Amino acid sequence: DAGVIQSPRHEVTEMGQEVTLRCKPISGHNSLFWYRQTMMRGLELLIYFNNNVPIDDSGMPEDRFSAKMPNASFSTLKIQPSEPRDSAVYFCASSRRVGQPYNEQFFGPGTRLTVL
Amino acid sequence: DQQVKQNSPSLSVQEGRISILNCDYTNSMFDYFLWYKKYPAEGPTFLISISSIKDKNEDGRFTVFLNKSAKHLSLHIVPSQPGDSAVYFCAARPNQAGTALIFGKGTTLSVSS
């Protein structure tokens, strides 16, 4: 049974370039989350979707960040233009919203982004 | 302002001893608490959880204790093993189904043999 799939695993880009991170959630899960992990701030929620609809994007740092979920099996997080301070590990997670007593989230392996 | 705080960035323990990881929270409306474990180059994985109506939950070597009056929870690992070396994240859920979790910054546990 495949877990959450993220691509690419590593991305190195130059300041000003557009970066697109991709995520395929676990089949049957209807909540999807994008997190960013840094040493300073730990694991912070950027945005999450329920049934493909964005519910809370208050964690998105700036307008340079955008996320979409065109269908239940795919989501993207885009940074345009990228800046060095965006360097971090970006995680995607999914969960089954209905029928669970708690929000166990299953995380992907992450995308390590380096902006030079 | 952080609602979930893990004030110890790191902890070192000898194999066989007890590891105690601590977590404090500020919002009394949180109804569920979880611990996640993360190895390098991997995503966090769920470890153990506890509902706010309980004060203890045990799963093998792992036990989570919740003190609601102090807004404090702890994860005990007994006995600690070298394979337990990882980053441990405490997380809390506001009491509304479907909302996202709030994570602490994590504590890096090192278990030496």
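This structure is a prediction, so every number in the text was calculated from the model and none was measured.

A.B. asks: Honestly, the overall build of chain A in this entry has me stumped. Any pointers?
C.D. replies: What chain A contains, in helices and strands, is zero helices and 11 strands. Mapped in sequence order, the helices and strands of chain A form the string β-β-β-β-β-β-β-β-β-β-β. In terms of overall dimensions, chain A has a C-alpha envelope of 45 × 30 × 30 Å along the principal axes. Each of the 116 residues in chain A was classed as buried or not, and the buried ones make up 47%. Within chain A, counting contacts between residues at least 6 apart in sequence, those at least 24 apart form 56% of the total. Accessible surface for chain A amounts to roughly 5,800 Å². Of this, 50% is attributable to carbon and sulfur atoms. The averaged location of the 12 negative side-chain charges in chain A is 4 Å from the averaged location of its 12 positive side-chain charges.

A.B. asks: Can you walk me through the nonpolar core in this structure?
C.D. replies: One broad trend across soluble globular proteins is that nonpolar side chains are buried collectively. In terms of nonpolar packing, the biggest core is built from 23 residues, with Phe33, Trp35, Leu73, Leu75 and Tyr88 of chain B touching the most fellow members. For this core, the elements supplying multiple residues, two or more each, are strand S3 (19-25), strand S4 (30-38), strand S5 (45-51), strand S7 (62-67), strand S8 (72-77), strand S9 (86-94) and strand S11 (107-112) of chain B. Residues contacting Leu75 of chain B, with those up to four places away along its chain left out, are Ser19, Ile20, Leu21, Trp35, Leu47, Ile48, Phe62, Thr63 and Tyr88 of chain B. Grouped together as the second largest cluster of nonpolar side chains are 21 residues, Cys23, Leu32, Phe49 and Val115 of chain A included.

A.B. asks: What should I look at first to understand the side chain of Gln37 of chain A in this one?
C.D. replies: Position of Gln37 of chain A among the secondary structure elements: in strand S4 (residues 31-38). By relative accessible area, which is 19% here, Gln37 of chain A ends up buried. With residues up to four places along the chain from it excluded, the contact list for Gln37 of chain A reads Gly42, Leu43, Ala88, Val89 and Phe91 of chain A together with Lys38 and Phe89 of chain B.

A.B. asks: Is there a simple way to explain the environment of Ser28 of chain B in this structure?
C.D. replies: Note that Ser28 of chain B resides in the loop between S3 and S4. Between the alpha carbons of Ser28 of chain B and Ile48 of chain B there is a distance of 20 Å; along the sequence they are 20 residues apart.

A.B. asks: Teacher, can you tell me more about the sheet that holds strand S7 (residues 65-71) of chain A here?
C.D. replies: To summarise the sheet geometry, strands pair through backbone hydrogen bonds and adopt either a parallel or an antiparallel arrangement. Residue and element names in this part refer to chain A. Spatially, S1-S3-S8-S7 is the arrangement adopted by the four strands of the open sheet, whose pairing is antiparallel. Where the open sheet ends on each side, the last strands, each with one partner, are strand S1 (5-7) and S7. The sheet shows a mean angle of 15 degrees between the axes of neighbouring strands, taken without regard to direction.

A.B. asks: What's the story with the pattern of salt bridges in this structure? I'm lost.
C.D. replies: Residues and elements named next belong to chain A. Applying the stated criterion to the full structure yields 12 salt bridges over all chains. Linking Glu44 and Arg41 is a salt bridge whose minimum nitrogen-to-oxygen distance equals 2.8 Å. Exposure remark for Arg41: the relative accessible area of 52% places this residue in the exposed category. One network of salt bridges, in which partners are shared, links Glu62, Arg64, Glu83, Arg85 and Asp86.

A.B. asks: For this particular structure, what's the right way to read the state of the cysteines?
C.D. replies: One covalent bond between the sulfur atoms of two cysteine residues makes up a disulfide. Overall, the coordinates contain two disulfides over all chains when judged by the stated rule. Two residues, Cys23 of chain A and Cys92 of chain A, share a disulfide whose sulfurs are 1.9 Å apart. The chirality of the disulfide connecting Cys23 of chain A with Cys92 of chain A is left-handed, given an S-S dihedral of about -70 degrees. Highlighted residues: Cys23 of chain A in strand S3 (residues 19-24) and Cys92 of chain A in strand S9 (residues 88-95), separated in sequence by 69 residues. Judged by relative accessible area, Cys23 of chain A falls into the buried class, the value being 1%. Between the sulfur of Cys23 of chain B and that of Cys90 of chain B lies a disulfide, 2.0 Å long from S to S. Classification of the bridge connecting Cys23 of chain B and Cys90 of chain B rests on its S-S torsion, roughly -75 degrees, and on that basis the disulfide is left-handed.

A.B. asks: Quick question: what am I supposed to make of the packing of aromatic side chains here?
C.D. replies: Given two aromatic rings, one states the distance between the centres and the angle between the planes to describe the pair. Evaluation of the coordinates by the stated rule reveals 13 aromatic pairs over all chains. Members of the aromatic cluster, joined through ring pairs, are Phe33, Tyr35, Tyr48, Phe91 and Phe107 of chain A together with Tyr36, Phe46, Phe89 and Phe103 of chain B.

Thresholds applied
Residues numbered from 1 in each chain as written. Chains lettered and ligands numbered in written order. Predicted model: local features only at pLDDT ≥ 70, side-chain atom pairs only at ≥ 80, totals over all residues. Heavy atoms only, no water. Helix = DSSP H or I, 4+ residues; strand = E, 2+ residues; numbered from the N terminus. Buried < 20%, exposed > 50% of the residue type's maximum accessible area, 1.4 Å probe, protein only. Contact = heavy atoms within 4.5 Å. Areas by Shrake-Rupley, 256 points an atom, 1.4 Å probe, with all protein chains shown as cover. Lys, Arg positive; Asp, Glu negative; His and termini not counted. Charge placed at Lys NZ, Arg CZ, Asp CG, Glu CD. Core = buried A, V, L, I, M, F, W, Y, C linked by side-chain atoms within 4.5 Å. Pairing = 2+ DSSP bridges. Axes fitted to C-alpha atoms, helices over the stretch in contact; angles between N-to-C directions. Salt bridge = Lys/Arg side-chain N within 4 Å of Asp/Glu carboxyl O. Disulfide = S-S within 2.5 Å. Phe/Tyr/Trp six-rings, centres within 6.5 Å; stacked < 30°, edge-to-face > 60°.

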